[in-house]
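Breakdown of the fold
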Amino acid sequence: MSSVPDALPQPVQFSRRLSRYLSRMLDSQPWLGAALTDSIAGPIGEADMQRFLAAREAVSGGDAALRPALRQLRIWVLCHLIVRDLACAAPLQEVTTTMTLLAEVAIRHAHDVLRAALVERYGQPLSPTGWEQELLVIGMGKLGGRELNVSSDIDLIFIYPEDGDTGGRKVISNFEFFERLGKQLIQALAEVTEHGQVFRVDMRLRPNGDSGPLVCCFDMLENYFMTQGREWERYAWIKGRVLLGERWQELRNIARPFVFRKYLDFGAINAMRELHAQIRREVARRDRANNVKLGPGGIREIEFIAQVFQLIRGGRDVALQVRPTLRVLSLLPERGILSTQAVEELSAAYVFLRRLEHRLQYLDDAQTHDLPAKAEDQALIAEAMGFADYPALLAVLDAHRQVVSRHFDSVFGDPSEEDHSLDATWTNAEDTEATTNALAELGYRRPQAGAERLAAIHASPRYRQLPNNIKSRLDALMPRMIEAAAATPGADDTLARMLDLIEAIGRRGAYLALLQQYPQALRRVADLMSASRWGAQFLTRHPILLDEMLDARNLESAPDWQAFRASLAAELESLEPDMERQMDVMRERHHAQVFRLLTQDLAGLLTVEKLADHLSELADIVLDLTLPLCWRRIKIRHREEPKFAVISYGKLGGKELGYASDLDIVFLYDDDAPEASEVYTRLAQRTNTWLSSQTAAGQLFDTDLRLRPNGESGLLVSSLEAFRKYQMESAWVWEHQALTRARFSAGDRALGEAFERIRCEVLRMKRELDGLRAEVLAMRRKMRDAHGGKSELFDLKHDEGGLIDVEFLIQYLVLGHSHDHPQLTGNLGNIALLRIAGELGLIPADLAAACADSYRELRRLQHRQRLNDRPSRIDPDEAEAARAPVRTLWREVFGE
């Protein structure tokens, strides 16, 4: 007999001693021993399960065979897993994947048998337009995440696409059809017979829970999400996965916006903290501290840690929309969300707790997560886990649970739970005298101004009308913000800038939650606000960038532009054809990179030159990714790839772009098609609109197109031939000066190379030096008359010895001497061109070096002014040392 222990393989004999359920099944199911002997050498797959069912139904077919066949399948699969797991032959993933497959096979098989019988009686369920309708079965919880445990119930939701009626002789509504199918499916799985049951079925996660209908259509589900969906349901739907049904894509499009917000959702931390507190209270009430799932440091806390970051970031980071807990955890270190060590500790604890959970359930096939009270069961569990005794098991278990609790508290701990010394100051902010005294004690130099601003915010209708949950976050944040600002240089300005930010985000609970939850982010915000007025304004305009303050690595890592380009291109492609979302994403990603550079800049990690290189490369990437997106939207295109290029001038052309620089660009094409001019004009218009439009996510760049041939009166796009003709025959000297800083930035590379050949040809034209000198000086005087000498302060850009003088000097040298010295035509930057001119003997080499140093210093001073949103005017004494070499070189070259 196969049920005799001595006839069974050693792993089966070993396992039956540790599992009373396995022992009972071997004694009661004569076929089981042989089945296990044949199967335990490897995993059971979906095909194996289907063959098992087919063999059983071949003996006794039809609906009558369904229930016993499914139950016998479950007995075989579960006993197979018990043997392989206890013999250490099956890792955790094999156990959970096999149980998930069992549920999927059972659901699909039962559905197909039961639906066929209903269709025979009532006909196919049809939409009003005659399309056949289907039941979509959604697996939730561990079933949805492919993490099912061995004695788990299964959480299901039943959805069908459209209302309508069946097409048979006896007509019922689609709702009635699918409700009957759903009830029969539940009975087929959950009914307890002489063979047991397949799975307990829990339908409480459906819309409106037990009080809602068993099935609902797409429209009802979408309406429910929009009007009644609760925060805990978002958490539950993270794991939602369609197990059965072809129209899963439509269902996913309905559920995804409900689960994953478009922007960062740090409010999820508070919501999940409250949900966990309810679970903890229930555990305490039932005295279930020894529950390895719900108790302190248990499985649920690890799942909460993984899922809260999915809720926060999953809307923007699609990779985080995966379902398995261990997979989610593995993605967190590379995003700077959790440390590698934390994830390793949590993952190890998760595997240990899940293995222990399974061994608790192997004893009697009971849905339990409680540690055993009986000594004999404790000994069995310890042995099954590989420990010498139960105390040794508890020691390792307690260590894992302590680690989980520590990480859970670091993620979900509420920094504002404890009272703050400035709580009363904010609560009584309308008492300006008391607030003034409190701010003065903190070291504020203009405490009354700060007190009046705080009082105005506290008394404003906007504050008083805030929803209670947002108001409580703001009330917790304000004392900590006052304290953080006080700790910075220029505390009064910092406070004013932080209050500007608070007023901008005051109704955005997610941003308040971020600053409330992460004190280190609040401190970094205060430091940034103190260091840069421009940075403060940028962050206030784009508060989505607050997330960047969480990851200190942004201060350290140099940009990887190749990886950034590939990542952004892939994300934009995935959003096709949603142009509005593409424009927003490009802006968000661009702003994030600018902000990272800003934080590195303020930390002193970047020179002005290196910063400009980064900003220029970032702009080039944005331009290059914009063109194909705009080209696709030209309805009548005469070719697959446009023969079109963006040529950059000015700051971008010279790779000297600043944070707020506009883009001087010109559009060229090289295409003989009759419709080319019209098509490329549309492309240029679309490109310019894409770059300069204000969307919900802000703007990419202001653009200036006036450097094109014939300026504002000229065509928006020029053919390459027309551009060359204009430059050779009609362009003004100042346009050739501008050409010294022009370069190809985006589009067709062959066209870019052709442009560079024309540029060099133009720059190398032989020019009469006296005439050139006179024209350059005339243009410089015109600019000085318009902009220079307007103040007793020194204008870094326009006054004598300033930046424009350096640029004009270099442009004159390039235009005057490139005919004889072609190396001057390279777009190498002003400092390199000064060095080359010195090496060529066109100017004294020592003076060239001194001028290069002056140029660096003048740019540094200009950058400092712009960081604090100040005019580019400073005390003349501060710039005198830098001006002197420039003036000397000016006299050397121009004789005046």
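See the structure shown above.
Residues numbered from 1 in each chain as written. Predicted model: local features only at pLDDT ≥ 70, side-chain atom pairs only at ≥ 80, totals over all residues. Heavy atoms only, no water.

1. Focus: the overall build of the protein
When its secondary structure is counted, the protein shows 39 helices and 14 strands. Sequence-distant contacts, at least 24 apart, represent 73% of the contacts inside the protein between residues at least 6 apart. On the protein, roughly 38,500 Å² of surface is accessible, and the fraction owed to carbon and sulfur atoms is 50%. Charged side chains of the protein number 112 positive and 129 negative; the gap between the two group centres comes to 2 Å. (Helix = DSSP H or I, 4+ residues; strand = E, 2+ residues; numbered from the N terminus. Contact = heavy atoms within 4.5 Å. Areas by Shrake-Rupley, 256 points an atom, 1.4 Å probe, with all protein chains shown as cover. Lys, Arg positive; Asp, Glu negative; His and termini not counted. Charge placed at Lys NZ, Arg CZ, Asp CG, Glu CD.)

2. Re the packing of helix 9 (residues 218-227) against helix 11 (residues 248-259)
Between helix 9 and helix 11, the least distance of the axes is 10 Å, while the angle of their chain directions is 5 degrees. If you check the angle between helix 9 and helix 11, you find them roughly parallel. Between helix 9 and helix 11, the contacting residues are Phe218, Leu221, Glu222 and Phe225 on the first element and Glu250, Leu251, Ile254, Ala255 and Phe258 on the second. Of the residues assigned to the contact of helix 9 with helix 11, the class counts are seven nonpolar, no polar and two charged. (Axes fitted to C-alpha atoms, helices over the stretch in contact; angles between N-to-C directions. Parallel < 35°, antiparallel > 145°, perpendicular 65-115°, else oblique. Nonpolar A, V, L, I, M, F, W, Y, C, P; charged D, E, K, R; others polar.)

3. Observations concerning the environment of Leu221
Position of Leu221 relative to the elements: it lies in helix 9. Judged by relative accessible area, Leu221 falls into the buried class, the value being 0%. Considering only alpha carbons, one finds Leu221 and Pro207, 14 residues apart in sequence, at a separation of 7.1 Å. (Buried < 20%, exposed > 50% of the residue type's maximum accessible area, 1.4 Å probe, protein only.)

4. A word on empty space enclosed by the protein
Counting across every chain of the model gives three cavities of 30 Å³ or more. Within this model, the largest cavity holds a volume of roughly 80 Å³. (1 Å grid on protein atoms, 1.4 Å probe; cavity = no way out; pocket = protein on both sides within 12 Å on 5 of 7 lines; lining within 4 Å. Points joined across faces, edges and corners; volume = space filled by probe spheres on them.)

5. Examining the pattern of salt bridges
If you walk through the whole model with that rule in mind, you get 59 salt bridges. In this structure, the salt-bridge partner of Arg16 is Asp27, at a minimum N-O distance of 3.0 Å. One end of the pair, Arg16, is in helix 1 (residues 10-18); the other, Asp27, is in helix 2 (residues 20-28), with 11 residues separating them in the sequence. Among the residues examined, Asp27 registers a relative accessible area of 51% and is labelled exposed. (Salt bridge = Lys/Arg side-chain N within 4 Å of Asp/Glu carboxyl O.)

6. Here's the deal with a positive patch on the surface
Judged by side-chain charge, Arg121, Lys170, Arg180 and Lys183 come together as a positively charged surface patch. With respect to the helices and strands, Arg180 occurs in helix 8 (residues 174-190). (Patch = residues over 30% accessible without salt bridge, like charges linked within 9 Å, V, L, I, M, F, W, Y side chains within 5 Å.)

7. Notes on the packing of helix 2 against helix 3 (residues 32-39)
Relative orientation of the contacting elements helix 2 and helix 3 amounts to 115 degrees, with a least axis distance of 8 Å. Only Leu32, Gly33 and Leu36 of helix 3 make contact with helix 2, whose side of the interface consists of Leu22, Met25 and Leu26. Looking at the contact of helix 2 with helix 3, its residues break down into five nonpolar, one polar and no charged.

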